[in-house]
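Residue-level structure breakdown
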Amino acid sequence: MHLTPTERADASRPAAPAQLSDATEAITPQTNTNLSAKPLVVIEPRAAQFDINLRDLWSYHELFYFLTWRDVKVRYKQTLLGVLWAILQPLMMMLIFALFFGKLVGVPSDGIPYPLFAFAGLLPWTFFSTAVNTSGNSLVNNANLITKVYFPRLIVPIASIGAGLIDFAISFAVLGGLMVYYRVHLTWGILLLPLLVLLQATLALGVGVLTSALNIKYRDIRHALPFLIQVWFFASPIIYPASMMPERWRWRWLLGLNPMTGIIEGFRVALFGHKEFDWVLIATSAVTTLALLAYALVTFRRMEKGFADII
Amino acid sequence: MRPIIKASAIGKEYRIGVRSTSQGSLREALAGAVRAPLRWARRRGEGDSAGAFWALKDVGFEIQPGEAIGIIGRNGAGKSTLLKILSRITEPTEGRIELYGRIASLLEVGTGFHPELTGRENIFLNGAILGMKRAEIARKFDEIVAFAEIEKFIDTPVKRYSSGMYVRLAFAVAAHLEPEILIVDEVLAVGDVAFQKKCLGQMSSVAQQGRTVLLVSHNMAAIKWMCSRALLLHQGRLVEEGSPAQVVNSYLWAGRNNRAEASWDDLSDAPGNEVFRLRGVRVRNAAGDVTSELTAQESFSIEVDYQNFSPVVSLGATVVLYNEEGVCVFSSLSNRETQWHGRVFPAGVFRSTCRVPGHLLPEGRFSVTG
Ligand SMILES: Nc1ncnc2c1ncn2[C@@H]1O[C@H](COP(=O)(O)OP(=O)(O)O)[C@@H](O)[C@H]1O
Ligand SMILES: [Mg+2]
């Protein structure tokens with residue numbers, strides 16, 4: 001061995017306190033807490049917590065940024081078309097649907113050209129399904145991080161949603177192109193769009209956070225998730241309009257229990273202004289989404305402290 | 001002086017029986033402990049799955065700012081568990097820890113490295129994961145690259161790196177952390193010797209800047225050289241604390257269950273088959289005494305006795321030495337042996353002896369398979 005005990009350094013080690021103050025230049029300002037009587041961190045067993053420590057979460061926002069950046073970067077590494085895939089996926093789907101359901105089957109589309117109709121539905125859907133899929137698997141896929149470093153675990157599923165939003169923004173440009181091509185006139189309804197995007201992100205976050213936590217304990221989620229998403233696809237008005245359900249039907253608001261219904265329908269109205277917003281539907285979607293997110297966060301917090309042990 | 005870490009009566013109970021203490025205890029290296037031959041007996045003690053056991057129990061200590069603490073103990077003693085609790089990766093089942101400084105932990109080199117990303121990208125990602133701010137990483141970027149000696153490959157995806165380059169880059173990022181408390185698990189076991197030395201130097205300079213360092217290592221020389229104090233964990237309990245020299249010593253000599261000899265008098269359940277069976281395996285020091293306690297300087301020998309039942313086979317003996325992590329340190333075959341190698345063995349009892357020169361092995365615990 002290259003080190004022998006005779007080379008021991010402790011004899012030459014100066015008294016610690018003087019050294020500490022010498023080193024403050026390199027240490028962050030938090031050093032001051034050293035002097036206060038209160039510990040910076042107390043570690044002890046806790047009952048499950050239900051509060052979200054927003055300050056802790058915020059202090060790791062750069063990590064959030066880097067994880068999102070990594071997900072975006074890695075997704076299209078060593079691909080020929082790169083980020084074009086974000087556009088191609090919904091575009092291809094749209095062409096197929098336009099051919100089968102628009103031309104051959106003749107599914108109604110609320111008077112909007114079917115390709116446009118389908119694309120406006122596929123856009124939020126593609127975001128939702130990829131975001132849920134990646135964020136549902138995110139914790140398990142980042143097991144090496146979970147077991148080796150501390151950071152608020154919530155960052156991981158949130159970062160996956162962030163990466164999805166970037167793809168969404170890119171494919172949104174294509175929608176813009178289509179709308180110009182079909183000479184769609186914008187209405188004031190477009191102002192609601194940011195809110196709907198926020199709603200879809202919140203929904204994806206709720207589902208993602210919940211499934212990512214459950215996935216750690218039950219890897220079944222990994223296999224069930226694609227299936228769940230498939231079913232969800234058909235339950236949402238993507239290839240067909242929600243108006244296929246009778247408008248006057250008194251249980252119609254129940255459709256809002258699938259928040260994607262309200263979101264996708266809202267999307268189309270906001271873009272094309274072809275009818276009035278169905279406020280009840282949108283409100284139900286929003287309430288369901290928020291309830292789901294709340295439940296997801298509580299579950300996540302409850303399971304969080306066991307993550308590193310059982311992953 | 002107020003301690004920077006104050007831990008009292010921490011305990012950690014693991015519930016699931018999937019990984020249990022009994023697993024690995026067979027492989028757990030014992031100096032000179034002797035095990036069944038031909039690895040046939042690698043009985044996996046998969047554990048009584050009715051599992052709840054304490055990986056840590058009643059561990060308490062205080063650490064002053066600027067101390068460098070070495071933590072030693074056998075595999076499964078709970079060292080990593082302790083570090084994980086301190087770095088808030090997992091929660092203790094009982095007890096309380098107060099930290100009066102910012103902590104950064106390095107439980108593995110290259111945590112979060114992504115193979116598809118370039119060296120440059122990974123420096124930023126890994127830095128962020130270890131808790132550095134972006135500006136801080138940018139400021140130290142050149143230093144990190146220089147430390148890792150990978151300037152030419154900085155824009156190559158790390159999946160194309162040699163494992164040495166990978167480790168160097170990973171350690172270089174970690175070496176530039178500037179927390180008040182630095183926690184390091186057995187990560188120095190990787191990389192080539194020159195680089196290991198550089199890392200140790202870097203770490204001890206961290207300690208000399210007045211930062212607090214907690215270091216887990218099987219490199220006893222490094223512990224003695226770097227640390228001002230050492231803790232010894234045994235089966236989840238803190239059994240000794242004091243000067244590194246003294247603690248390392250009692251760790252190495254804690255020979256209670258080390259066996260220097262294993263023998264099978266009843267041949268019917270001795271390891272082996274119809275052709276041959278093992279009679280005994282033992283370790284002798286230079287003076288010829290059977291002992292499990294040797295100094296790194298002295299030479300020793302390992303003897304394997306076996307009985308041959310069939311007069312028509314040719315036998316060879318192999319001795320494999322494992323270090324405490326279960327890593328094979330060397331193996332020795334009898335094929336260089338001139339008198340018997342390749343010849344037909346008559347029925348009877350044979351003894352093969354493997355002589356190990358002094359100064360070959362570092363201090364530590366080793367186990368032998370024949
Ligand atoms: N997540 C876990 N679940 C169950 N048992 C575990 C887990 N992590 C570690 N252990 C067990 O706890 C004991 C202590 O492990 P560890 O702290 O890694 O030991 P060391 O680092 O000293 O070798 C071992 O018996 C190990 O198998
Ligand atoms: Mg360990």
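So, how was this worked out
Residues numbered from 1 in each chain as written. Chains lettered and ligands numbered in written order. Predicted model: local features only at pLDDT ≥ 70, side-chain atom pairs only at ≥ 80, totals over all residues. Heavy atoms only, no water. pLDDT = per-residue confidence, 0-100. Contact = heavy atoms within 4.5 Å. Buried area = accessible area lost by both parts, 1.4 Å probe. Salt bridge = Lys/Arg side-chain N within 4 Å of Asp/Glu carboxyl O. Polar contact = N/O pair within 3.5 Å; in protein donor to acceptor, adjacent residues only side chain to side chain. Helix = DSSP H or I, 4+ residues; strand = E, 2+ residues; numbered from the N terminus. Pairing = 2+ DSSP bridges. Bend = angle between axes of the 7 residues up to and from the residue. Near = heavy atom within 4 Å. Areas by Shrake-Rupley, 256 points an atom, 1.4 Å probe, with all protein chains shown as cover. Nonpolar A, V, L, I, M, F, W, Y, C, P; charged D, E, K, R; others polar. Axes fitted to C-alpha atoms, helices over the stretch in contact; angles between N-to-C directions. Parallel < 35°, antiparallel > 145°, perpendicular 65-115°, else oblique. Left-handed = near helix turned anticlockwise from the far one by under 90°.

**Things to note about the confidence of the model for chain A**
Any region with low pLDDT has predicted coordinates that should not be read closely. Here chain A averages 83 in pLDDT, while 87% of its residues score no lower than 70. Across residues 1-34 of chain A, where pLDDT falls below 50, the model places 56 contacts with residues more than four positions away in sequence or in other chains.

**Some words on the interface of chain A and chain B**
Taken together, the 57 residues of chain A in the interface contact 69 residues of chain B. In this assembly, chain A packs against chain B so that about 5700 Å² is buried in total across both faces, 59% of it on carbon and sulfur atoms. Our enumeration of links across chain A and chain B arrives at five salt bridges. A salt bridge links glutamate 91 of chain B to lysine 305 of chain A; the shortest N-O distance between them is 3.5 Å. The interface formed by chain A and chain B includes 11 residue pairs in polar contact (both at pLDDT 80 or more). Where the side of chain A that touches chain B is concerned, the elements lending two or more residues are helix H1 (16-22), strand E1 (41-43), helix H3 (61-75), helix H6 (143-148) and helix H12 (307-310) of chain A. Here the side of chain A that touches chain B takes nine residues from H3 of chain A, the largest share from any one element. Pairing between E1 of chain A and strand E5 (residues 94-99) of chain B: three bridges, direction antiparallel. Opposite valine 41 of chain A, over in E5 of chain B, you have leucine 99 of chain B as the bridge partner.

**Let's talk about helix H3 (residues 134-148) of chain B**
All names here are of chain B. Largest kink in H3: about 55°, centred on lysine 140. Among the structural elements, helix H2 (119-129), helix H4 (163-175) and helix H5 (193-208) are those in contact with the buried residues of H3. Looking at the residues trailing H3, positive phi occurs at glutamate 149, about 55°.

**Some points on the site of ligand 1**
Around ligand 1 there are 15 residues in total, and Asp309 of chain A together with Gly76, Lys79, Ser80 and Thr81 of chain B lie nearest to it. Bordering ligand 1 are residues originating from chains A and B. Take alanine 77 of chain B: an N or O atom from its main chain is 3.2 Å from an oxygen atom of ligand 1. Within the side chain of threonine 81 of chain B, a nitrogen or oxygen atom sits 2.5 Å from an oxygen atom of ligand 1. Surface burial for ligand 1 is 86%, taken as the share of its 560 Å² of free accessible area covered by protein chains. When contributions to the shell around ligand 1 are tallied by element, the ones reaching two or more residues are strand E3 (53-63) and helix H1 (79-86) of chain B. Examining the composition of the shell around ligand 1, we find that three residues originate from one element, H1 of chain B, more than from any other. When the residues that make up the shell around ligand 1 are grouped by side-chain class, the tally is five nonpolar, six polar and four charged.

**Some details on the packing of helix H5 (residues 114-141) of chain A against helix H10 (residues 259-272) of chain A**
All names here are of chain A. Running from amino to carboxyl end, H5 crosses H10 at an angle of 135°, the nearest separation of the two axes being 10 Å. Classified by the angle their axes make, H5 and H10 are oblique. Crossing hand, H5 versus H10: right-handed. Residue-level inspection shows Leu116, Phe117, Ala120, Gly121, Pro124, Trp125 and Phe128 of H5 in contact with H10, the latter providing Met260, Ile264, Phe267, Arg268, Leu271 and Phe272. Residue classes in the contact of H5 with H10 are distributed as 11 nonpolar, one polar and one charged.

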